[in-house]
Amino acid sequence: DKDKKKKESIFDLSKYIDKPIRVKFQGGREASGVLKGFDPLLNLVLDGTIEYMRDPDDQLKLTEDTRQLGLVVCRGTSVVLICPQDGMEAIPNPFIQQQDG
């Protein structure tokens, strides 16, 4: 009685194939590119990839500087966040207690 289910990805990235996406990695790096392929472990193949450079004084801040990387393979174990490039906007953190002043 072995009814092991095949492990499926939580979300389906196939609808983002050939579309620009933005990826955040462990350690704070961010990049964007056109998704060309992926596997169940979230290893990603991006083309026309641009890395967003971080502020040397504050590693959590991105600067306006970018670096062209071209065709890259992103290791799935280091991917923290994937989102469509055109559907992203920064919002205030809803979990931080606002202080009335």
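All residue numbers here refer to positions counted from 1 along the written sequence of the relevant chain. Predicted model: local features are reported for residues with pLDDT of at least 70 only, side-chain atom pairs are reported and counted for 80 or more only, and whole-chain, interface and lining totals are derived from all residues. Values shown for side chains rest on all heavy atoms present in the structure; no hydrogens or waters enter the calculation.

Caption draft 1: Region of interest: the pattern of salt bridges. Salt bridges are defined by distance alone: a side-chain nitrogen of Lys or Arg within 4 Å of a carboxyl oxygen of Asp or Glu. Tallied over the entire structure, the rule returns 5 salt bridges. With a closest N to O distance of 3.3 Å, E51 and R29 form a salt bridge. Residue E51 is found in strand β3 (residues 44-54), and its partner R29 is found in the loop between β1 (20-25) and β2 (30-38); the two are separated by 22 residues along the sequence. Residue classification places E51 among the buried positions, given a relative accessible area of 7%. Residue classification places R29 among the partly exposed positions, given a relative accessible area of 45%. A salt bridge links E51 to R67; the shortest N-O distance between them is 2.4 Å. Highlighted residues: E51 in strand β3 and R67 in strand β4 (residues 62-74), separated in sequence by 16 residues. Partly exposed residues are those whose accessible area sits between 20% and 50% of the maximum for their type, while under 20% is buried and over 50% is exposed, using a 1.4 Å probe and protein chains only. For R67, a relative accessible area of 36% puts it in the partly exposed group. Helix numbering and strand numbering both begin at the N terminus, where a helix is a DSSP run of H or I of at least 4 residues and a strand a DSSP run of E of at least 2.

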